[in-house]
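One-letter residues, chain by chain:
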Amino acid sequence: MLNINPNVIELSKKVEKDIKKEFDNVNEICEYNSLKVLNAFHKHSINEVHFNMTTGYGYGDIGRDTIEEVYATIFNAEDALVRGQFISGTHALTVTLFGLLRPNDTLLSITGKPYDTLEEVIGIVPNDSSLKSFGVNYEQIDLINDDFDYESITKRLQENFVKVIEIQRSKGYSTRKSIVLKNVEKVIQLIKEISPETIVMIDNCYCEFVTTKEPTEVGADIVVGSLIKNLGGGIAPNGAYVVGKKDLIKLVSERLTVPGEGKEVGPSMGMNKQILQGLFMAPSVVSSSLKTAIFASKMLEELGFDVEPKYNDERADIVQNIIFNNPDKLIKYCQGIQEASPIDSNAKPEPWDMPGYTDKIIMAAGAFTQGSSIELSCDGPIRKPYIAYMQGGLTYEYGKIGVMKAISNVIED
Ligand SMILES: *Cc1c(COP(=O)(O)O)cnc(C)c1O
C-alpha cells in the first residue's frame, strides 16, 4: 500500500511515543477552542434558519450577519466581515489595506518583507494598481533574531505619524520563525504607548486556534485571515474574514462592496452552512494539522534533517519547515505528499512560475478545495536553502500517512 518504506513505519512507532506530551498539549488547546466556538454558537442562537441563502444584492441575509457576530464573539472583537466575496487571504489583506490607507499615509511593516503576493499590492514590485500608485508610502523594519526591532520601531514612531502597522505572524516563504502571541502583545503595547492612533493590523493566516488566544485579545485593531486555511475547517469552499474595531470594519466593508452600502450587501449564495460547519470543525482540524506537523518535525529530525520548528517548540502557526539544502529532495518530498493525497494523487507536481510569486514554486496539494492549505499540502520556492513549507491535515491519520509517504520518497532517492 502506497509503498511506504518499512524503516519509516518502524521509526514512526518510536516517534509517536516521543511526541505524546506535545499531543496532549494540542488536545487541551483543541478542547478550549471547541468550547469557545460552541459558546459563540449558543450566544447567537444559531439555528437552521441561518443556513438560508440570499442571491443578488444579498439584503437582509440573517445567516451571513449572524456568522459575522459569531466571528466577532470568538475573536473578542467589536465587529467582523466574513465573506465569500473575498477570493483569497491576499484579497482580504488587499481590501483591508486599501480600506484603511489614503494618499500620503504611511504603511509600516514591522515583520520585514510581507508575504510574496503582497509585493505588487503594496508596490514593492511595481504595479499600476498598487497602493504606491495611489500615493501610499511603504516602509519596513526587519526582525532581529526572529523578534521585533523594538528600538527602531520606537524611533520611527517618534518621528512622524504612521497610519497602519502590519504584523505578519506566519513566516510566509521566509526563513524566519513565526511570531508567538506574547511578542505580538509586547510590541502592540509599545506601539500604543507612543502612537495610540496608529492602526495595528495583523495578517493572522495559519495562526487561528493554534493557541487559546487571538490577536484582538492582545490589542490588535484589525485581524485578517483566509477561510481556506484554519477557520474554514476544510469545509468552507472559499472566502476570508476580517475582524476588529467597528469603524475599521466599516471602512473595509465599504471598500469590498460600495461606499454607503458596506456590510448590508453581499449575497451568501448557499455558503452559510459550510462556513458555520467549517468553523465548528476548525479547532479539531487545526489540532490534526498541528499533530501532523509535530510528527513530521520529529520524524525528519530523527533522520538528520534540519527542521523548524522542532517538535517540542512553542508553535505560532500550523506550518512545518524542513530545510532540505537540496532541490531534488524538496521536490521528492512534495511529490510524496501529492501521491498520498485523496484527490489528484496521480498528478506529479513540478516547479512552475506562479502568478504573484518571484521564484519558481513547487506545490503539492491534492485537495477537495482548490488551493486549500488546511488540507495536507506542501510547497516551497526553488531557492536556497530549499525549504519545504508543509501544513494542514484534515485528520491526523491522513496527515501521518502523507508524511510517511513523502519521507519514503526522500530516503529512497
Ligand atoms: C496564505 C497566506 C496569505 C494569503 O494567501 P492566499 O493564498 O491569498 O489566501 C497571506 N499571508 C500569509 C502569511 C499566508 O500564509
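Below is a summary of the structure that appears in this document. (Residues numbered from 1 in each chain as written. Predicted model: local features only at pLDDT ≥ 70, side-chain atom pairs only at ≥ 80, totals over all residues. Heavy atoms only, no water.)

**Structural notes on the overall build of the protein**
Formally: Strands here are runs of E lasting at least two residues and helices are runs of H or I lasting at least four, both read from the DSSP assignment and numbered beginning at the N terminus. C-alpha atoms define the radius of gyration in this analysis, and the globule rule sets the expected value at 2.2 Å times the number of residues to the power 0.38. A simple rule labels every residue: compare its accessible area, found with a 1.4 Å probe on the protein chains alone, to the largest value its type can have, and call it buried under 20%, exposed over 50%, or partly exposed in between. In what follows, residue pairs with any heavy atoms lying within 4.5 Å of each other are defined as contacts. Method for areas: the Shrake-Rupley scheme with a 1.4 Å probe, in which residue coverage is limited to the protein chains shown. Charge assignment in this entry is limited to Lys and Arg as positive and Asp and Glu as negative, and neither His nor the chain termini are counted. To locate a charge, the coordinates of NZ of Lys, CZ of Arg, CG of Asp or CD of Glu are taken.
Helices and strands together make up the secondary structure of the protein, namely eleven helices and twelve strands. In summary, the protein has a C-alpha radius of gyration of 21 Å against a globular reference of 22 Å for 413 residues, a match within 12%. With respect to the principal axes defined by its C-alpha atoms, the protein has extents near 60 × 50 × 40 Å. Residues counted as buried form 58% of the 413 residues belonging to the protein. The long-range fraction of contacts in the protein, counting pairs at least 24 apart against all pairs at least 6 apart in sequence, stands at 71%. About 17,600 Å² of surface is accessible on the protein, with carbon and sulfur atoms providing 51% of the total. Between the mean site of the 42 positive side-chain charges and the mean site of the 57 negative ones, the protein shows a separation of 2 Å.

**Considering the sheet that holds strand β8 (residues 306–308)**
Counted only if it meets this: Any two strands between which DSSP finds at least two bridges are classified as paired. Under this scheme, a helix contributes an axis fitted over its contacting stretch, all axes are lines through C-alpha atoms, and angles between N-to-C directions fall in the 0 to 180 degree range.
Strand order in the open sheet formed by five strands is β8-β9-β12-β11-β10, and the pairing between neighbours is antiparallel. Unpaired on one side and paired on the other, β8 and β10 (361–365) mark the two borders of the sheet. Between one strand and the next, the sheet's axes are offset by a mean angle of 20°, whatever the strand orientation. The pairing of strand β9 (residues 320–323) with strand β12 (residues 387–391) spans four bridges and is antiparallel. Pairing of Ile323 across the sheet is with Ile387, part of β12. Contacts from helix α10 (residues 327–339) reach β9, β10, β11 (377–381) and β12, with the element oriented near 25° to β10.

**Brief notes about the site of the ligand**
As a reminder of what qualifies: It suffices for a single heavy atom of a residue to lie within 4 Å of a molecule or strand for the residue to be listed as near it. Polar contact is defined as a pair of N or O atoms within 3.5 Å, subject to the rule that within protein one atom must be able to donate a hydrogen and the other to accept it, and that residues adjacent in sequence are counted only when both atoms are side-chain atoms. For this classification, the nonpolar set comprises Ala, Val, Leu, Ile, Met, Phe, Trp, Tyr, Cys and Pro, the charged set comprises Asp, Glu, Lys and Arg, and every other residue, Gly included, is treated as polar.
Around the ligand sit Ser88, Gly89, Thr90, Leu93, Tyr115, Gln168, Ser170, Asp203, Cys205, Tyr206 and Lys229, and those are all the residues in its vicinity. In the model, an oxygen atom of the ligand is placed 2.5 Å from a nitrogen or oxygen of the Thr90 side chain. For the ligand, the accessible surface in isolation is 380 Å², of which the surrounding protein chains cover 89%. For the shell around the ligand, the leading source of residues is helix α4 (residues 89–100), giving three residues. When grouped by side-chain class, the residues that make up the shell around the ligand number four nonpolar, five polar and two charged.

**Quick notes on the pairing of strand β1 (residues 79–83)**
Both faces of the sheet carry side chains from a regular strand, because those side chains alternate between them. Burial of β1 is extensive: five of the five residues sit out of reach of the surface. Burial along β1 is two-sided: Asp79, Leu81 and Arg83 facing one way and Ala80 and Val82 facing the other are all buried. As defined by bridge partners, β1 adjoins strand β7 (residues 240–244) across five bridges and the pair is classed as antiparallel. From the neighbouring strand, Ala80 faces β7, where its bridge partner is Val243.

**What to know about the packing of aromatic side chains**
Just so we agree on the cut-off: Geometry of aromatic contacts follows a simple scheme: Phe, Tyr and Trp rings, the Trp one being its six-membered ring, pair when their centres are within 6.5 Å, and the pair is stacked under 30 degrees between planes, edge-to-face over 60, tilted otherwise.
Scanning the model with the defined rule gives 13 aromatic pairs in all. Between Tyr173 and Tyr389 the ring centres are 5.1 Å apart and the planes differ by 75°, which places this aromatic pair in the edge-to-face class. Of the two residues, Tyr173 is situated in the loop between β4 (164–168) and α7 (181–194) and Tyr389 in strand β12; the sequence distance between them amounts to 216 residues. Each member of the pair Tyr173 and Tyr389 is classed as buried. Ring geometry for Phe305 versus Phe324: centroids 5.4 Å apart, planes at 75°, classification edge-to-face. With Phe305 in the loop between α9 (272–302) and β8 and Phe324 in the loop between β9 and α10, the pair connects residues that are 19 residues apart, well separated along the chain. In this pair, the class of Phe305 matches that of Phe324, namely buried. Taken together, the aromatic side chains of Phe23, Phe295 and Tyr396 make up a single cluster linked through ring pairs.

**Concerning the sheet that holds strand β6 (residues 222–226)**
Read across the open sheet, the seven strands follow the order β1-β7-β6-β5-β4-β2-β3; overall the sheet is mixed. Here the strands that pair on one side only, and so sit at the sheet edges, are β1 and β3 (137–140). Across the sheet, the mean angle from the axis of one strand to that of its neighbour is 20°, orientation sign disregarded. Across five bridges, the pairing between β6 and β7 is antiparallel. The partner of Val224 across the bridge, within β7, is Val242. The strands that helix α3 (residues 62–74) touches are β1 and β7; relative to β1, the one it contacts most, it runs at about 125°.

**Re the state of the cysteines**
The line we're drawing: Whenever a pair of cysteine sulfur atoms sits within 2.5 Å, that pair is classed as a disulfide.
For the structure on display, the rule yields zero disulfides. Left without a disulfide partner, Cys378 is nearest to the cysteine sulfur of Cys334, which lies 3.8 Å away.

**Focus: the packing of helix α2 (residues 20–43) against α3**
Heads up, the condition is: In these notes the angle categories are as follows: under 35 degrees is roughly parallel, over 145 is roughly antiparallel, 65 to 115 is roughly perpendicular, and the rest is oblique. The hand of a helix crossing depends on one turn: near helix anticlockwise from the far one by less than a right angle means left-handed, and clockwise means right-handed.
Two numbers describe how α2 lies on α3: the axes approach to 9 Å, and their chain directions differ by 135°. Classified by the angle their axes make, α2 and α3 are oblique. Judged by the twist between their axes, the crossing of α2 over α3 is right-handed. Contact residues: Lys36, Val37, Ala40, Phe41 and Lys43 in α2; Val70, Thr73 and Ile74 in α3.

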